[in-house]
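Per-entry structural report
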Amino acid sequence: RAAASSLSAFDHTFAAGLIEAAANLAFDGLETLLVSYDVVPPEPLHGKRHIEIPFASALLLSATKTDDAIAKLTLSMADIEGVPALSGVKSSSAGKLESQCCLPAIEALRLLNPAARCLPLLEAIANAKTANIVVNAAKHKQLTVLTEAC
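Here is a short report on the structure shown in this document. (Residues numbered from 1 in each chain as written. Predicted model: local features only at pLDDT ≥ 70, side-chain atom pairs only at ≥ 80, totals over all residues. Heavy atoms only, no water.)

1. Some details on the pattern of salt bridges
Where charged atoms from two side chains of opposite charge approach closely, those side chains can pair. In plain terms, the rule: Salt bridges, as used here, are contacts in which a Lys or Arg side-chain nitrogen is within 4 Å of a carboxyl oxygen on Asp or Glu. Going along the chain from the N terminus, every DSSP run of H or I of four or more residues is numbered as a helix, and every run of E of two or more is numbered as a strand.
A complete count under the given rule lists four salt bridges for this structure. One salt bridge in this structure joins Asp-11 and Arg-49, with 2.2 Å as the shortest N-O distance. Of this pair, Asp-11 sits in the segment before helix H1 (13-28) while Arg-49 sits in the loop between helix H2 (45-48) and strand S2 (55-61), and the two are 38 residues apart along the sequence. Arg-117 is paired through a salt bridge with Asp-11; the nearest N and O atoms lie 3.7 Å apart. You can see Arg-117 sitting in the loop between helix H3 (104-112) and helix H4 (119-126) and its partner Asp-11 sitting in the segment before H1, a full 106 residues away along the chain. In this structure, a network of salt bridges that share partners links the residues Asp-11, Arg-49 and Arg-117.

2. Focus on the environment of Ser-36
Worth spelling out the cut-off: Classification of residues uses two cut-offs on accessible area relative to the type maximum, computed with a 1.4 Å probe and protein chains only: under 20% is buried, over 50% is exposed, and between them is partly exposed.
Residue position: Ser-36 is located in strand S1 (residues 32-38). Residue Ser-36 is classed as buried on the basis of its relative accessible area, which comes to 6%. Along the backbone, Ser-36 and Gly-17 are 19 residues apart, and their C-alpha atoms lie at a distance of 7.6 Å.

Here is the structure:
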């Protein structure tokens, strides 16, 4: 049986999950299923965290290229406001705006649910285009995901 973990990082949960999945791939090399979802929470949580619509996505990640791979992802961390990047993680230019979706309706969904922060990445993968997707990762950190079609 494979290990499983669960995490929560407010608006940064997708980025945190992708970072953890990449760490798992680097550590054991086994395929990793990243599932990210948020549902409308019950009160009193909804009063503190407004999520208006449920959303879920899944990515099957592998450390090596497989025959059915559709994209290569390369992750890097950047500082925001001069805070040092995470130790041991490649650093890139800081302070970029978080990536947005091309279609206004999909961009609205991205903003309504933290799990939907993955939508610009999914859009780049679906369009088989090379892109640098920026996702806010945590306080003073940004994750940049370089997507390249296989």
